[in-house]
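Single-letter residue listing:
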Amino acid sequence: MKFWDCLATALHTIYSHKMRSILTMLGVLIGVAAVISMVSLIRSEQAMVRESFESLGANIIFVTPGTPGSGHGVAGPFASSTTLTMEDAQAIADNAPSVEMVAPVSQSTTGIVAGGENVGALTLGVTVNYQDIRNFEMDQGSFITEQDYKGKARVAVLGNELAETLFGQMSPLGQNVRINGRQFEVIGVLKGKGEAFGTEDQAAMVPLTTAQAILSSERASSAGHIVQAITVQAKDSDAIVSAQWEIGEILRQRHHIRPDEEDDFTIISMGDIERTADQLYAIGELIMGAIAGISLLVGGIGIMNIMLVSVTERTREIGLRKAVGAKRRDILTQFLTEAAVLSLCGGAIGVALGWGAIKISIGVLANMGFPFPAMLPGDVVAMAVGVAICVGLASGLYPAVRAARLDPIESLRHE
Amino acid sequence: MIELENITKVYRAGQTEIPALREINCRIEDGEMLSIMGPSGSGKSTLMNVIGCLDKPTSGQYRLDGVQVGRLNDNKLAEIRNKKIGFVFQSFNLLSGATALANVELPLIYSGSSNRRQKALQALESVGLSHRAKHKPSELAGGEQQRVAIARALINNPSLILADEPTGNLDTQTSKEIMLLFKQLNEQGMTIVLVTHEPDIAAYTQRTIHIRDGRIEAVE
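Conventions used here
- Residues numbered from 1 in each chain as written.
- Chains lettered and ligands numbered in written order.
- Predicted model: local features only at pLDDT ≥ 70, side-chain atom pairs only at ≥ 80, totals over all residues.
- Heavy atoms only, no water.
- Axes fitted to C-alpha atoms, helices over the stretch in contact; angles between N-to-C directions.
- Helix = DSSP H or I, 4+ residues; strand = E, 2+ residues; numbered from the N terminus.
- Parallel < 35°, antiparallel > 145°, perpendicular 65-115°, else oblique.
- Left-handed = near helix turned anticlockwise from the far one by under 90°.
- Contact = heavy atoms within 4.5 Å.
- Nonpolar A, V, L, I, M, F, W, Y, C, P; charged D, E, K, R; others polar.
- pLDDT = per-residue confidence, 0-100.
- Expected span 1.5 Å × (residues − 1).
- Buried < 20%, exposed > 50% of the residue type's maximum accessible area, 1.4 Å probe, protein only.
- Buried area = accessible area lost by both parts, 1.4 Å probe.
- Salt bridge = Lys/Arg side-chain N within 4 Å of Asp/Glu carboxyl O.
- Polar contact = N/O pair within 3.5 Å; in protein donor to acceptor, adjacent residues only side chain to side chain.

The subject of this paragraph is the packing of helix α9 (residues 270-313) of chain A against helix α12 (residues 378-405) of chain A. All names here are of chain A. Look at α9 against α12: their axes get within 8 Å of each other, and the N-to-C directions meet at 30°. The orientation of α9 with respect to α12, classified from their angle, is roughly parallel. Where α9 crosses over α12, the handedness of that crossing is right-handed. Contacts from L296, G300, I303, M304, M307, L308 and V311 in α9 reach V387, A388, V391, G392, S395, Y398, P399, R402 and A403 in α12. Split into classes, the residues belonging to the contact of α9 with α12 amount to 12 nonpolar, three polar and one charged.

So, on to the confidence of the model for chain A. All names here are of chain A. Confidence in the prediction of chain A, expressed as mean pLDDT, is 85, and 93% of residues score 70 or more. Summarising per-element confidence for chain A, the mean pLDDT is lowest in strand β9 (residues 220-221) (52) and highest in helix α10 (residues 315-323) (94). Across residues 71-79 the pLDDT falls below 50, and counting only partners more than four positions away or on other chains, this stretch makes 20 contacts in the model.

All names here are of chain A. When the terminal C-alpha atoms of helix α8 (residues 240-254) are compared, their 21 Å separation across 15 residues agrees well with the 21 Å that a helix rising 1.5 Å per residue should span. Along α8, the positions that sit buried rather than exposed are I240, A243, Q244, E246, I247, G248, I250 and L251. On its buried face, α8 sits against β1 (60-65), α3 (86-95), β2 (99-114), β11 (229-234), β12 (265-269) and α9. Count one or two residues on from α8 and you reach H256, which has phi positive near 55°.

With 24 residues of chain B in contact, the opposing surface of chain A contributes 22 residues. Summed over the three residues of chain B that lose the most area to chain A, namely L54(B), N93(B) and Y110(B), the buried surface amounts to 30% of that side. Between chain B and chain A we count three salt bridges in total. Ionic pairing is found between K327(A) and E79(B), a salt bridge with its closest N-O pair at 3.1 Å. One can count eight residue pairs in polar contact (both at pLDDT 80 or more) joining chain B with chain A. Contributing elements (two or more residues each) for the side of chain B that touches chain A: α2 (74-84) and α3 (100-111) of chain B. Top contributing element to the side of chain B that touches chain A by residue count: α2(B), with six residues. Taken together, the residues of the side of chain B that touches chain A sort by class into 10 nonpolar, eight polar and six charged.

What follows is the structure in structure tokens.
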């Protein structure tokens, strides 16, 4: 029996039992649609997060107080320990050759009042170069200047979301806000950074000098002015690792940490954070793959079930085919082809359905303010359809063998 | 030519052995039209299955056109059924989803022939049904369905047509037409073996083998 005849026979059988065929395909169909849409959405999100990482600034290293692994990492570069000082930042700037810029940051939770609005928000004390290091773009006005910094000026730059909360559609430039009861003039509004790293979108920034003078509750410790983070920019991407090492050495020396003692600070680069995030996404994909695998397995059981029923129902047909010259392998191939075609169709419709689901989800997410890029992951499509066909063949094998083994005499007598 | 020598067939049901055919000796010449008669349980179906290469004898020799077929493997038997034997059944056994034409083509799929459509149309024409080629079995009358089945049996130009109660599901008039068709095919040189329990049908044949309890009782 030729392959085309086999295929034609299978297609004819599938077509003449439309309802049953669709029900048979359903398991595989849903499995394929699920895995494709899930993996695609995970990858879209990953792509977006990567973009956010890049918007944070190039070759960035965060130094935060507290021992490594004490719970921040991806969550936030700011922590509550108090082991980092202005002087540490200065030492890094002076002594680490791989470092381009250093920006110490202080952080306090403050009440901010403007007009009738009163919100709790972070106020960051920053240096002038913080804008360059973090790639901040101005929506309105300008960033803190050298003059502001030196003069401990009472000026503030607002994140775009904070500005909107406080002033609505009105331009905040030149307006006054009260931060912890102190009056500041708004000189600029930042452009939004997006969802993954929107901390600054909801924060206010003032000159670090001003913050230390009038906002910080800790003021100065014996070691100097405390900062909550030091943001460092390495000279280039190749210098990141050496910069991390240099910073570690400088801080250990300054903090009198013996070689066998744990660091009281954490150095983390954007690369580290990205790697952690990528690991999380890989795990997510794996879990989705497992779920889809289970649903494909269930789909396979469905195919086997229907094929067994079909073999019983078509016993006479099988008997007749054998009587007119069909060999065992002809019958085997016929039923295997049918199972493979069923699962392939299920897979193909699943891909179409999955693509539809992706499109709809992307649309919904875009409406909610998450502009994910829509993409159809080619490798996953190929894998899902391949697995679907394998599932079809595997689950069609037992019914096909049963059909091939039927005795023609018995089968012809079957009612 | 069909030669049966000491054909025995024994079915086993657990410990007991049930003999279905006992030492059948018979010779059917090319171009003969012959009927096998017998009450139910006589072994006539078993004999027909052996002649049709659907079943193998327990012992004895069966030669079809000089080829010893009694001991061939399943694949070889399938080939012989495909090329040398045309089956006609009481209940027609047509594929309900396929057209008359496709039904007639079926054996050609397994022999890998070319020009299938043309050959099937010719076969349908020879049973007087070329105008119904595109119809499905459910749209055809019983006699027409049996004609399609006969066309299917003829398609590979077999040595022998084996018909098991071919008129069992048909009324008298249609039965007569079908028997006349068989007669006509026989006159064109086709060897035909009919299994029946109706003397009226057996009367169309030149020779009748009566079988009872697995033995040939009489030949007339």
